[in-house]
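Next come the chains, spelled out residue by residue.
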Amino acid sequence: NAGVTQTPKFQVLKTGQSMTLQCAQDMNHEYMSWYRQDPGMGLRLIHYSVGAGITDQGEVPNGYNVSRSTTEDFPLRLLSAAPSQTSVYFCASSYGGGADEQYFGPGTRLTVT
Amino acid sequence: KQEVTQIPAALSVPEGENLVLNCSFTDSAIYNLQWFRQDPGKGLTSLLLIQSSQREQTSGRLNASLDKSSGRSTLYIAASQPGDSATYLCAAPNTGFQKLVFGTGTRLLVSP
């Protein structure tokens, strides 16, 4: 099993550009989520999905969009990048939900100039 | 509302020492608690998941305990090694189970 994979590992964007962060898992997990990690603020939930076709907002969803067309993939789209979105982004998955053991991807380090 | 805190923010110990990392939470109706390790520039690696019905969980040199009444979990690392140097995070599900609530971590440095 590859577990949870994320691409790219690093990305630099200019303000206003858009991009998609990719996340995939091969564990047949129903629950997938996106977090951002910022110094002094810990990890904060952006969006999550409890299964294909179902997504919901976390605590910091503004400026991000998600979709879940398959069980395996959960891409995160930045609509119009802003410097405040400079962060490290982690994708996670679990079998049954937010209370099950979470498996994290290696992260994407994003810088917006 | 579940809140999780970790003190101290950083810890430095010599190799071979046994050590304890602390994690406090506010909601005693905790469902479970998960300990993670994060190496610099890397993702989070799950170390131990301890259910609310358990008091302890062990994996190799690691032992995690959970005391719901006091709102505390501890991660005990036996015979520490330089390779244990990393940031250790604890996390618990929020009330609705949509997400994990994380502490800000303890950065551990084990010196040879």
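Keep in mind that this is a model prediction, so the values were computed, not measured.

All right, on to the overall build of chain B then. On a plain count of helices and strands, chain B comes out with zero helices and eleven strands. Starting at the N terminus, the α and β elements of chain B follow one another as β-β-β-β-β-β-β-β-β-β-β. Scaling as 2.2 N^0.38, a compact globule of 112 residues should have a C-alpha radius of gyration of about 13 Å, and chain B matches this with 13 Å. When burial is assessed residue by residue, chain B has 47% of its 112 residues classed as buried.

Glancing now at the sheet that holds strand E1 (residues 4-7) of chain A. All names here are of chain A. The strand order across the open sheet built from four strands is E1-E3-E8-E7, with neighbouring strands paired in antiparallel fashion. With one partner strand each, in any of the chains shown, E1 and strand E7 (64-66) form the two edges of the open sheet. In this sheet, neighbouring strand axes are inclined to one another by 20° on average, regardless of whether the strands run parallel or antiparallel. As judged from the three bridges shared by E7 and strand E8 (residues 76-78), these two strands associate in the antiparallel manner. Across the sheet, residue Val 66 finds its bridge partner in E8, namely Leu 76.

Of note, Lys 99 of chain B is situated in the loop between strand E9 (86-93) and strand E10 (100-102). The buried category is assigned to Lys 99 of chain B, whose relative accessible area is 16%. Of the polar contacts made by the side chain of Lys 99 of chain B, one reaches the side chain of Glu 59 of chain A; its length is 3.0 Å. Every residue in contact with Lys 99 of chain B, bar those within four places of it in the chain, is listed here: Tyr 31, Tyr 35, Leu 45, Glu 59 and Gly 98 of chain A together with Ala 92, Pro 93 and Asn 94 of chain B.

This brings us to the sheet that holds strand E7 (residues 62-67) of chain B. Residue and element names in this part refer to chain B. Pairing within the open sheet is antiparallel, and its five strands lie in the order E1-E3-E8-E7-E6. Only two strands of the sheet have a single neighbouring strand rather than two, namely strand E1 (4-5) and strand E6 (56-59). One ladder, built from six bridges, connects E7 with strand E8 (residues 72-77); its direction is antiparallel. Residue pairing in the sheet places Asp 67 in a bridge with Arg 72 of E8.

A word on the pairing of E6 of chain B. Residues and elements named next belong to chain B. Bridging between E6 and E7 involves four bridges; their strand directions are antiparallel. Paired with Glu 56 across the two strands is Ser 65, which belongs to E7. From the end of E6 to the start of E7, which pair antiparallel, there are two residues, and Gly 60 there has a positive phi angle of about 60°.

Bringing the interface of chain A and chain B into the picture now. Between chain A and chain B, the residue contacts involve 20 residues of the former and 19 residues of the latter. For the chain A and chain B pair, buried surface summed over both sides reaches about 1,500 Å², with 57% attributable to carbon and sulfur atoms. Taken together, chain A and chain B are joined by one salt bridge. Between Lys 99 of chain B and Glu 59 of chain A there is a salt bridge whose closest N-O contact spans 3.0 Å. Counting every contact that joins chain A to chain B gives seven residue pairs in polar contact (both at pLDDT 80 or more). The set of elements that each furnish at least two residues to the side of chain A that touches chain B consists of strand E4 (31-38) and strand E5 (42-51) of chain A. No other element matches E5 of chain A, which puts four residues into the side of chain A that touches chain B. Across the side of chain A that touches chain B, the residue classes break down as nine nonpolar, seven polar and four charged.

Quick notes on the rules
Residues numbered from 1 in each chain as written. Chains lettered and ligands numbered in written order. Predicted model: local features only at pLDDT ≥ 70, side-chain atom pairs only at ≥ 80, totals over all residues. Heavy atoms only, no water. Helix = DSSP H or I, 4+ residues; strand = E, 2+ residues; numbered from the N terminus. Rg over C-alpha atoms; globule rule 2.2 N^0.38 Å. Buried < 20%, exposed > 50% of the residue type's maximum accessible area, 1.4 Å probe, protein only. Pairing = 2+ DSSP bridges. Axes fitted to C-alpha atoms, helices over the stretch in contact; angles between N-to-C directions. Polar contact = N/O pair within 3.5 Å; in protein donor to acceptor, adjacent residues only side chain to side chain. Contact = heavy atoms within 4.5 Å. Buried area = accessible area lost by both parts, 1.4 Å probe. Salt bridge = Lys/Arg side-chain N within 4 Å of Asp/Glu carboxyl O. Nonpolar A, V, L, I, M, F, W, Y, C, P; charged D, E, K, R; others polar.

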